[in-house]
Amino acid sequence: MHDIEYIHKNSEEFKKAMESRGMKEFTAQDILDVDNKKRLLTTKLQSLNGKRNEITEEIKKLKMNKSPCEGQIETSKSITNEIESISLKEQVEKDKLVNILSNLPNIPAQDVPIGADENDNVEVRKNGEKRQFDFAPKLHYEIGEALGLMDFERAAKISGSRFSMLEGQLAKLGRALTSFMLDTHVNEFGYTEVYHPILVKDESMYNVGQLPKFSDDSYLTTDGLRLIPTSEVVLTNLIADKIIEEKELPIRFTAYSECFRKEAGSAGKDTRGMIRQHQFGKVELVSITTEDQSHDEHERMTNAAEEVLKKLELPYRVMLLCSGDMGFAAQKTYDLEVWLPGQDKYREISSCSNCGAFQARRMGTKYSLSANKKIKQYVHTLNGSALAIGRTIIAIIENYQNSDGSISIPNVLQKYMGNVNITN
């Protein structure tokens, strides 16, 4: 959610920011017109309430003196009727304003490159050496199916397209990765592990910016609950509607969950394999900070996600997303892209975003300053994948494949996998 006072004071800058997020021919004046109309109605209501209070006091005195007050009572009734009428009009304008602001993405941070799509993203750094194969590397699904441990046909028969089934050692690899990632984030980076529901109310989705704009992207149950697209929804809502003391920040949560997305608009993209699925597992990181802490926390969170890739010895690069490629609630995002030799390209495996106060305004979450507890400011929220389990399995299969069709296991996972490689 946006600060309406900021828009009043910086309407041209806000217009440019929205245009950089793909809001073509956007004008801030539409917002200001609605807000000005609402403010006029609010001012009128305040004036009418003042008059009614004065008349109420006058009626009390007249009654005490046993003087006639019928005229004053009629005037009070007339004012009350007018207040009720204007209140309804004011609520209409409030709803209009909230609806407009709720559908506008976050303002990009100052150091975010302006661009239209992924072609305008900027490479920040690379890490790791690409393996040199003495054979033609295969795609993950070719290897998995040949091993008899990855099955798309049975998954499609049971659930439809964009689902997969892993068995045996590949299923165990997913479990190993989950434990390894959670252990890393809890023990090395101080995150608090959370086990949480995967069904949430619309309000929880709204709070983090998933609704109303992306209503068609999530699965809605018949009783009005939604399957989460990411643990970010639950972990961020843990602090909804709260006033937190500054000394408690930063707060850090991590969780593994199954995630569910309709993948609307992805027809024809990554139809083979496990890259783009309706259901996938992910380890998520969420941080709640002060305004001053959020920049450094963003770098720290990205480093935590990178550390997982470093331990797995997977080559990757860090990309700073441009304004047109960022998620709706983000003001700055780093994507981690892992090298996939089977595809001969880097593919996203993590996205770490600083949302600033955008989500906090929707949730009504603030912190009280230690120096003066009467002063309260909106918290900043951050989230990051660390990492997506399915895509990490893909990266291990393709980077650790052998000429005989087997898959070696990264050293850091050996203890989780019983010190054996994946073979027929």
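Note that the structure is predicted; figures quoted are calculated from it, not measured.

What counts as what
- Residues numbered from 1 in each chain as written.
- Predicted model: local features only at pLDDT ≥ 70, side-chain atom pairs only at ≥ 80, totals over all residues.
- Heavy atoms only, no water.
- Helix = DSSP H or I, 4+ residues; strand = E, 2+ residues; numbered from the N terminus.
- Buried < 20%, exposed > 50% of the residue type's maximum accessible area, 1.4 Å probe, protein only.
- Contact = heavy atoms within 4.5 Å.
- Areas by Shrake-Rupley, 256 points an atom, 1.4 Å probe, with all protein chains shown as cover.
- Lys, Arg positive; Asp, Glu negative; His and termini not counted.
- Charge placed at Lys NZ, Arg CZ, Asp CG, Glu CD.
- Salt bridge = Lys/Arg side-chain N within 4 Å of Asp/Glu carboxyl O.
- Axes fitted to C-alpha atoms, helices over the stretch in contact; angles between N-to-C directions.
- Parallel < 35°, antiparallel > 145°, perpendicular 65-115°, else oblique.
- Left-handed = near helix turned anticlockwise from the far one by under 90°.
- Nonpolar A, V, L, I, M, F, W, Y, C, P; charged D, E, K, R; others polar.
- Pairing = 2+ DSSP bridges.
- Core = buried A, V, L, I, M, F, W, Y, C linked by side-chain atoms within 4.5 Å.
- Expected span 1.5 Å × (residues − 1).
- Phe/Tyr/Trp six-rings, centres within 6.5 Å; stacked < 30°, edge-to-face > 60°.
- Lys NZ or Arg CZ within 6 Å of the ring centre and 35° of its normal.

A.B. asks: Is there a simple way to think about the overall build of the chain in this case?
C.D. replies: When helices and strands are counted, the chain shows 13 helices and 15 strands. Burial statistics for the chain: of 424 residues in total, 48% are counted as buried. Counting only contacts in the chain whose residues sit at least 6 apart along the sequence, the fraction spanning at least 24 positions is 74%. Approximately 20,800 Å² of the chain is accessible, and the part contributed by carbon and sulfur atoms is 47%. Charge centroids of the chain, computed over 56 positive and 63 negative side chains, lie 4 Å from each other.

A.B. asks: How should the pattern of salt bridges be read in this particular structure?
C.D. replies: Side-chain pairing between opposite charges can occur once the charged atoms of the two side chains come close. On inspection of all chains with the given rule, the structure shows 24 salt bridges. Linking Lys 311 and Glu 188 is a salt bridge whose minimum nitrogen-to-oxygen distance equals 3.1 Å. Separated by 123 residues along the polypeptide, Lys 311 in helix 10 (residues 294-311) and Glu 188 in the loop between helix 7 (168-187) and strand 4 (192-193) bring together distant segments of the chain. For Glu 188, a relative accessible area of 45% puts it in the partly exposed group. In this structure, the salt-bridge partner of Arg 252 is Glu 297, at a minimum N-O distance of 2.8 Å. Taken together, the residues span a long stretch of sequence, with Arg 252 in strand 8 (residues 251-260) and Glu 297 in helix 10 at a distance of 45 residues. Each of Glu 5, Asp 35, Lys 38 and Arg 39 takes part in salt bridges that share partners, so that together they form one network.

A.B. asks: Teacher, can you tell me more about the packing of helix 7 against helix 10 here?
C.D. replies: Think of two packed helices as two axes; the pair is described by the angle between the axes and how far apart they sit. With their axes 10 Å apart at the nearest point, helix 7 and helix 10 run at an angle of 130° to one another. As judged from the angle between their axes, helix 7 and helix 10 are oblique. Regarding helix 7 and helix 10, the two cross each other, and that crossing is right-handed. For the pair formed by helix 7 and helix 10, the contact residues are Phe 180, Met 181, Thr 184 and His 185 on the first element and Ala 304, Val 308 and Lys 311 on the second. Partitioned by chemical class, the residues of the contact of helix 7 with helix 10 number 4 nonpolar, 2 polar and 1 charged.

A.B. asks: I would appreciate a short explanation of the sheet that holds strand 15 (residues 380-388) in the present structure.
C.D. replies: One key point about sheets: their strands pair by backbone hydrogen bonds, in either a parallel or an antiparallel sense. Ordered by their spatial adjacency, 8 strands build an open sheet running 1-10-11-12-15-9-8-4, and the pairing between neighbours is mixed. The strands lining the two open edges of the sheet, one partner per strand, are strand 1 (122-127) and strand 4. Pairing of strand 4 with strand 8, which is carried by 2 bridges, proceeds in the parallel orientation. In the strand pairing of strand 8, Thr 192 is matched with Phe 253. Its contacts with the sheet place helix 10 against strand 1, strand 8, strand 9 (279-289), strand 10 (316-320), strand 11 (332-340), strand 12 (345-354) and strand 15, and it is angled at close to 5° to strand 15. Relative to the sheet, helix 12 (residues 389-399) contacts strand 8, strand 9, strand 11, strand 12 and strand 15, its axis offset from that of strand 15 by approximately 40°.

A.B. asks: Whenever I open this one, the packing of helix 7 against helix 12 confuses me. Can you help?
C.D. replies: Running from N to C, helix 7 and helix 12 point in directions that differ by 115°, and their axes come no closer than 10 Å. In terms of axis orientation, helix 7 runs roughly perpendicular to helix 12. Note that helix 7 runs across helix 12; the crossing there is right-handed. Residues Leu 170, Leu 173, Gly 174, Leu 177, Thr 178 and Met 181 of helix 7 form the contact with helix 12, whose participating residues are Ile 389, Thr 392, Ile 393, Ile 396 and Ile 397. Grouping the amino acids of the contact of helix 7 with helix 12 by side-chain chemistry returns 8 nonpolar, 3 polar and no charged.

A.B. asks: Would you mind going over the nonpolar core with me for this structure?
C.D. replies: Soluble globular proteins tend to bury their nonpolar side chains together. The biggest cluster of nonpolar side chains holds 51 residues, and the ones touching the most others in it are Leu 170, Leu 173, Leu 177, Ile 396, Ile 407 and Ile 422. In terms of residue count, helix 7 provides more of this core than any other element does, 7 residues in total. Counting 16 residues, the second-largest nonpolar core is a separate cluster that includes Val 194, Leu 249, Ala 360 and Val 379.

A.B. asks: Would you take a moment to explain unusual backbone geometry for this structure?
C.D. replies: The general pattern is negative phi for most residues beyond glycine and trans for most peptide bonds. Look at the link from Leu 211 to Pro 212: it is a cis peptide, with omega at 5°. Tracing the sequence through the fold places Pro 212 in the loop between helix 8 (202-207) and strand 6 (226-227). Looking along the chain, the bond that leaves Ala 386 and enters Leu 387 is cis, with omega of 10°. Following the sequence through the fold, Leu 387 ends up in strand 15. Not every positive phi belongs to a glycine, and Asp 241 is a case in point at roughly 65°. For Asp 241, the position within the fold is in the loop between helix 9 (232-237) and strand 7 (243-245).

A.B. asks: Sorry, what's going on with the sheet that holds strand 7 here?
C.D. replies: Strand order in the open sheet made by the 3 strands is 7-13-14, with mixed pairing throughout. Sheet topology places strand 7 and strand 14 (376-378) at the edges, where each strand pairs with a single neighbour. Sheet twist, expressed as the average angle between the axes of neighbouring strands with direction ignored, equals 35°.

A.B. asks: Looking at this model, I keep getting lost on helix 7. Mind explaining?
C.D. replies: One turn of an α-helix holds 3.6 residues; hence residues three or four places apart share an orientation. Between its first and last C-alpha, helix 7 extends 28 Å over 20 residues, near the 28 Å set by a 1.5 Å rise per residue. Listing the buried residues of helix 7 in full gives Leu 170, Leu 173, Gly 174, Ala 176, Leu 177, Thr 178, Phe 180, Met 181, Leu 182, Thr 184 and His 185.

A.B. asks: What exactly am I supposed to notice about the side chain of Thr 290 here?
C.D. replies: Take Thr 290: it is sitting in the loop between strand 9 and helix 10. In this structure Thr 290 touches Glu 246, Leu 249, Tyr 367 and His 380, once residues within four positions along its chain are discounted.

A.B. asks: Where do I start with the packing of aromatic side chains in this structure?
C.D. replies: Two measures describe an aromatic ring pair: the distance that separates the ring centres and the angle between the ring planes. Inspection of the entire model under this criterion finds 6 aromatic pairs. Plain terms: the ring middles of Phe 133 and Phe 135 are 5.3 Å apart, the flat faces sit at 80° to each other, and that makes the pair edge-to-face. On the numbers, 6.4 Å between centres and 65° between planes, the contact of Phe 180 with Tyr 416 is edge-to-face. Within this pair, whereas Phe 180 is found in helix 7, its partner Tyr 416 is found in helix 13 (residues 414-417), the two being separated by 236 residues in sequence. Accessibility expressed as a relative area gives 22% for Tyr 416, which makes it partly exposed. Taken together, Phe 214, Phe 328 and Phe 358 form an aromatic cluster joined through their ring pairs. For the cation-ring pair, Arg 362 lies above Tyr 206, with the distance from its terminal atom to the ring centre recorded as 4.2 Å.

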